[in-house]
Amino acid sequence: MLSLNIRSESSILKFSAAGAGFFALVGIGWGLWAHSMAIVFDGSYSLVSLGLSLLSLMALRVSTSPADNRFNFGRLPAEPLAIAVKGLVILLVCLVSFGAAVLAIVHGGREVAAGKAIFFALLSVLLCFFIWWRLRKANTSLQSGLVEAEQHQWWMDGVLSLAVLLGFVLTWSLQFTAMAHWALYADPVLVILVSGYFIQVPLKMLKNAVNELLMVSPSAELRKQVYRELESLGISHRQCKMAKSGSYLLLEVRIGIERVEQMQGVQQQLERKLAELPLEPVIWLDFYCLNHSKQQQLA
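Residues numbered from 1 in each chain as written. Predicted model: local features only at pLDDT ≥ 70, side-chain atom pairs only at ≥ 80, totals over all residues. Heavy atoms only, no water.

A. Local environment of the nonpolar core. Grouped together as the largest cluster of nonpolar side chains are 49 residues, with contacts concentrated most on Ile-12, Ile-90, Trp-154, Met-156, Val-164 and Phe-168. Those elements that provide at least two residues to this core are helix 1 (2-34), helix 2 (37-63), helix 3 (78-106), helix 4 (114-142), helix 5 (145-174), helix 6 (183-198) and helix 7 (200-213). Looking at this core, the element that brings in the most residues is helix 5, giving ten residues. Counting 19 residues, the second-largest nonpolar core is a separate cluster that includes Leu-222, Cys-240, Leu-279 and Ile-283. (Core = buried A, V, L, I, M, F, W, Y, C linked by side-chain atoms within 4.5 Å. Buried < 20%, exposed > 50% of the residue type's maximum accessible area, 1.4 Å probe, protein only. Helix = DSSP H or I, 4+ residues; strand = E, 2+ residues; numbered from the N terminus.)

Shown next as structure tokens:
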């Protein structure tokens, strides 16, 4: 089951990376041709997305590597670490673009070839939302944090392209009115509005990823679901600790040594009961004596 998910996850991440590479080349080239800061920003964002998609693929391979002498517990934090880096880079792109657009306004705006820009923006809207929809559809079964981060990237790119399209239509319309001089400011104003609005997306990505790196307890809904399965095996919620790390649920269950015979096969039972979760369970059983003088870790 896990191996099938990994192959599907890898395929969808490669699909996302290919799309980002296409948009990066076309967007930057077209933006320079049309003299549009907004399209260059769109293409630059796609270039960053390409690098981040490749980072996601690397994180997927690393996180599924087996434990060894150096990484005794495996490399599970690789996924949230990659998502944190993605969030930080997207945040920096938004901030830099915001600053560049402000400078463009201060220096009198920027003239844009609206006809060329409108055609590219329309094509970009259609393809970005198609890729976002494809990732969203695939992730309904995968439930992958890495694919979800890719979804955020393409949703941002799609809405950015839609805003750029509407802005260029407005710019083109203004050229035939007495307010034609304001058309110079449309391009940088679009960048300010979109980059300012989307700052919340990378901030949310960073927050969730840092929580996972710090092993913060997962959502209440997920905890309740796990507790129900534990109680069906006679295990109290007070006997377990859990955390989420990327696509994995880390679960430690403490059981008194006097219940060893009663708890035989409990790990296999837990794995079967938790198989329906959207996360891959990684379970440790901790058997202890009542006087806490002796413990044996079984994994």
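Now that the structure is up, let's keep going.
B. Molecular detail of the environment of Ser-36. Mapped onto the fold, Ser-36 is located in the loop between helix 1 and helix 2. Its relative accessible area of 0% is what places Ser-36 among the buried residues. Separated by 151 residues in sequence, Ser-36 and Asp-187 have C-alpha atoms that sit 6.8 Å apart.

C. Focus on the packing of helix 3 against helix 7. Interhelical geometry of helix 3 versus helix 7 gives an angle of 155° and a closest axis separation of 8 Å. With respect to their mutual orientation, helix 3 and helix 7 come out roughly antiparallel. The handedness of the crossing between helix 3 and helix 7 comes out as left-handed. For the pair helix 3 and helix 7, contact is made by Pro-80, Leu-81, Ile-83, Ala-84, Lys-86, Gly-87, Leu-88, Ile-90 and Leu-91 and by Pro-202, Leu-203, Met-205, Leu-206, Ala-209, Glu-212 and Leu-213, respectively. Each residue belonging to the contact of helix 3 with helix 7 can be placed in one class, and the counts come to 13 nonpolar, one polar and two charged. (Axes fitted to C-alpha atoms, helices over the stretch in contact; angles between N-to-C directions. Parallel < 35°, antiparallel > 145°, perpendicular 65-115°, else oblique. Left-handed = near helix turned anticlockwise from the far one by under 90°. Contact = heavy atoms within 4.5 Å. Nonpolar A, V, L, I, M, F, W, Y, C, P; charged D, E, K, R; others polar.)

D. Region of interest: the packing of aromatic side chains. All told, the structure shown has ten aromatic pairs when counted by the stated rule. Centre to centre, the rings of Phe-129 and Trp-132 are 6.4 Å apart; their planes meet at 85°, and the pair counts as edge-to-face. Of this pair, Phe-129 and Trp-132 both sit in helix 4, three residues apart, which is roughly one turn of that helix. Relative to Trp-155, the ring of Phe-129 has its centre 5.5 Å away and its plane inclined at 65°; by these criteria the two rings are edge-to-face. Here Phe-129, found in helix 4, pairs with Trp-155, found in helix 5; they are 26 residues apart in sequence, far enough to count as distant. Chaining the aromatic ring pairs together yields one cluster made of Trp-30, Trp-33, Phe-119 and Phe-120. (Phe/Tyr/Trp six-rings, centres within 6.5 Å; stacked < 30°, edge-to-face > 60°.)

E. Highlighting the side chain of Lys-86. Its place among the elements puts Lys-86 in helix 3. Setting aside anything within four residues of it in sequence, one finds Lys-86 in contact with Leu-52, Ser-53, Leu-55, Ser-56, Ala-149, Glu-150, Gln-153 and Met-205.

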